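Single-letter residue listing:
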Amino acid sequence: ENELRGKVVWVTGASSGIGEELAYQLSKIGALLGTLYFPQLLCQQSYYFPFTFCLFLEISNLSEKDILVLRLDLTDRSSHEAATNSVLKHFGKIDVLVNNGGRSQRSLFVDTNLDVYSAIMELNYLGTISLTKHVLNHMIQRKKGKIVTVSSVMGIMGAPLASGYCASKHALQGFFNSLRTELTDYPEISIINICPGPVQSKIIQNVFTENLGKAIESSGDQSHKMPTDRCVRLTLVSVANNLKEAWISDNPYLAVCYLWQYAPTWAWWLMNKMGKKRIQNFKSGVDADVSYSRKK
């Protein structure tokens with residue numbers, strides 16, 4: 001609370017899931033919700049826009065001037081500089097950028113159109129680093145700031161049904177780990193990668209499938225996954241303490257992360273076993289990961 005109170009925080013993808021919960025918890029802490037960044041599609045739902053804005057005011061001590069809501073499409077890279085300037089004009093600074101916007105995937109590679117892979121990389125990877133570039137210029141001028149990227153445990157391992165999503169998260173991991181080394185002359189600029197496991201968010205309902213225009217037929221029960229509020233709380237703890245990378249997950253996913261890190265041969269063997277069941281679950285219309293939960 002003391003670390004983030006009063007800071008200007010820009011959260012992308014704040015219309016639902018982890019991003020929305022981040023905005024709620026940050027506002028309770030007293031961070032200036034520098035900006036809430038809503039995906040363009042959800043911004044067109046006029047009922048959502050004022051409701052969320054008023055809710056932030058109700059649950060916090062913030063005033064209207066402490067919250068700036070922007071409509072922004074991550075894939076429209078030509079708009080990112082103007083959006084950054086709008087935030088700076090309103091608040092005068094950006095202390096923390098939280099790169100949370102993105103979409104997951106549920107489809108087998110052999111069934112998936114290559115346009116889907118292009119769209120995943122454009123949104124999750126290129127859109128993220130484009131916005132980061134404009135915000136980083138400001139942080140370099142100030143010689144301080146935090147760039148937080150919500151990656152995934154899929155950025156550490158590989159898994160069936162999410163080959164494009166895994167690729168985009170691996171790309172983000174590689175990019176930000178490299179960027180961190182380029183900023184050694186700016187010790188007060190932190191590069192923080194957050195890697196959540198399965199979370200009770202709406203990410204499954206909004207996944208890419210084998211075709212760009214096709215929605216997932218069934219998202220299945222999500223109650224066995226980590227609650228979104230706990231994931232976000234641990235994320236903010238990681239941000240406040242400048243952790244370079246945080247794996248936020250229940251077991252067995254967390255244990256599998258350690259296998260991929262320290263015993264990859266065992267991890268490949270185990271994923272072959274788990275992967276078959278994951279695909280079977282998906283084809284049966286239940287959540288792909290439901291078999292690995294200890295919760296009833």
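Keep in mind the model is a prediction, meaning the values are calculated, not measured.

## Observations concerning the overall build of the chain
Here comes step 1: Secondary structure summary: the chain contains nine helices and seven strands in total.
Here comes step 2: Across the 296 residues of the chain, 52% fall into the buried class.
Here comes step 3: Sequence separation of at least 24 residues holds for 75% of the intrachain contacts in the chain that already meet a minimum separation of 6.
Here comes step 4: Approximately 14100 Å² of the chain is accessible, and the part contributed by carbon and sulfur atoms is 53%.

## What to know about the packing of helix 4 (residues 80-91) against helix 5 (residues 114-142)
Here comes step 1: Contact geometry for helix 4 and helix 5: axes closest at 9 Å, N-to-C directions at 40°. When the interaxial angle is binned, helix 4 and helix 5 end up oblique. Note on packing geometry: the crossing formed by helix 4 with helix 5 is right-handed. Two secondary-structure elements touch here, helix 4 through His80, Glu81, Thr84 and Leu88 and helix 5 through Gly127, Ser130, Leu131, His134, Val135 and His138.

## Some remarks on the pattern of salt bridges
Here comes step 1: Under the counting rule described, the total for this entry stands at nine salt bridges.
Here comes step 2: Between Lys146 and Glu3 there is a salt bridge, with its nearest N and O atoms 3.4 Å apart. Of this pair, Lys146 sits in strand 5 (residues 145-150) while Glu3 sits in the segment before strand 1 (8-12), placing them 143 residues apart in sequence.
Here comes step 3: What makes Lys146 buried here is its relative accessible area of 8%.
Here comes step 4: Taking relative accessible area as the criterion, Glu3 reaches 33% and is therefore assigned partly exposed.

## Digging into the nonpolar core
Soluble globular proteins: nonpolar side chains tend toward being buried together.
Here comes step 1: In terms of nonpolar packing, the biggest core is built from 28 residues, with Trp10 and Val87 touching the most fellow members.
Here comes step 2: Here this core gets nine residues from one element, more than from any other, and that element is helix 5.
Here comes step 3: The next biggest cluster of nonpolar side chains, apart from the first, holds 23 residues, and it includes Ile18, Val98, Val239 and Ala246.

## Topic: the confidence of the model for the chain
Here comes step 1: Predicted confidence across the chain gives a mean pLDDT of 88, with 90% of residues reaching 70 or more.
Here comes step 2: For the stretch residues 37-51, pLDDT sits under 50, and the model shows 32 contacts to residues farther than four places along the chain or on other chains.

## Details of the packing of helix 5 against helix 6 (residues 163-182)
Here comes step 1: Between helix 5 and helix 6, the least distance of the axes is 8 Å, while the angle of their chain directions is 20°. In terms of orientation, helix 5 and helix 6 fall into the roughly parallel class. As helix 5 runs across helix 6, the sense of the crossing is right-handed. Within the contact between the two elements, helix 5 uses Tyr117, Ile120, Met121, Asn124, Tyr125, Thr128, Ile129, Thr132 and Leu136 and helix 6 uses Ser163, Gly164, Tyr165, Ala167, Ser168, Ala171, Leu172, Phe175, Phe176 and Leu179.

## Some thoughts on helix 4
Here comes step 1: If you check helix 4, its first and last C-alpha atoms are 17 Å apart, about what 12 residues at 1.5 Å a residue would give, namely 16 Å.
Here comes step 2: All of the buried residues in helix 4 are His80, Ala83, Thr84, Val87 and Phe91. Relative to the axis of helix 4, the buried residues are bounded by an arc of 100° and lie together on one face.
Here comes step 3: In the stretch just after helix 4, Gly92 is the one whose phi turns positive, near 85°.

## Details of a nonpolar patch on the surface
Here comes step 1: A surface patch of nonpolar side chains, amounting to about 370 Å² of accessible area, comprises Phe109, Val110 and Leu114.
Here comes step 2: Here Leu114 is to be found in helix 5.
Here comes step 3: Classification of Leu114 by relative accessible area gives exposed; the value is 60%.

## A few points about the packing of aromatic side chains
Here comes step 1: One pass over the structure, following the stated rule, counts six aromatic pairs.
Here comes step 2: Ring geometry for Trp247 against Tyr258: centres 5.0 Å apart, planes inclined by 75°, an arrangement best described as edge-to-face. In this pair, Trp247 is assigned in strand 7 (residues 245-248) and Tyr258 in helix 8 (residues 253-262), connecting sequence segments 11 residues apart.
Here comes step 3: Positioned above the aromatic ring of Phe208, the side-chain terminus of Arg103 is 3.9 Å from the ring centre.

Parameters at a glance
Residues numbered from 1 in each chain as written. Predicted model: local features only at pLDDT ≥ 70, side-chain atom pairs only at ≥ 80, totals over all residues. Heavy atoms only, no water. Helix = DSSP H or I, 4+ residues; strand = E, 2+ residues; numbered from the N terminus. Buried < 20%, exposed > 50% of the residue type's maximum accessible area, 1.4 Å probe, protein only. Contact = heavy atoms within 4.5 Å. Areas by Shrake-Rupley, 256 points an atom, 1.4 Å probe, with all protein chains shown as cover. Axes fitted to C-alpha atoms, helices over the stretch in contact; angles between N-to-C directions. Parallel < 35°, antiparallel > 145°, perpendicular 65-115°, else oblique. Left-handed = near helix turned anticlockwise from the far one by under 90°. Salt bridge = Lys/Arg side-chain N within 4 Å of Asp/Glu carboxyl O. Core = buried A, V, L, I, M, F, W, Y, C linked by side-chain atoms within 4.5 Å. pLDDT = per-residue confidence, 0-100. Expected span 1.5 Å × (residues − 1). Arc of directions from axis to C-beta. Patch = residues over 30% accessible without salt bridge, like charges linked within 9 Å, V, L, I, M, F, W, Y side chains within 5 Å. Phe/Tyr/Trp six-rings, centres within 6.5 Å; stacked < 30°, edge-to-face > 60°. Lys NZ or Arg CZ within 6 Å of the ring centre and 35° of its normal.

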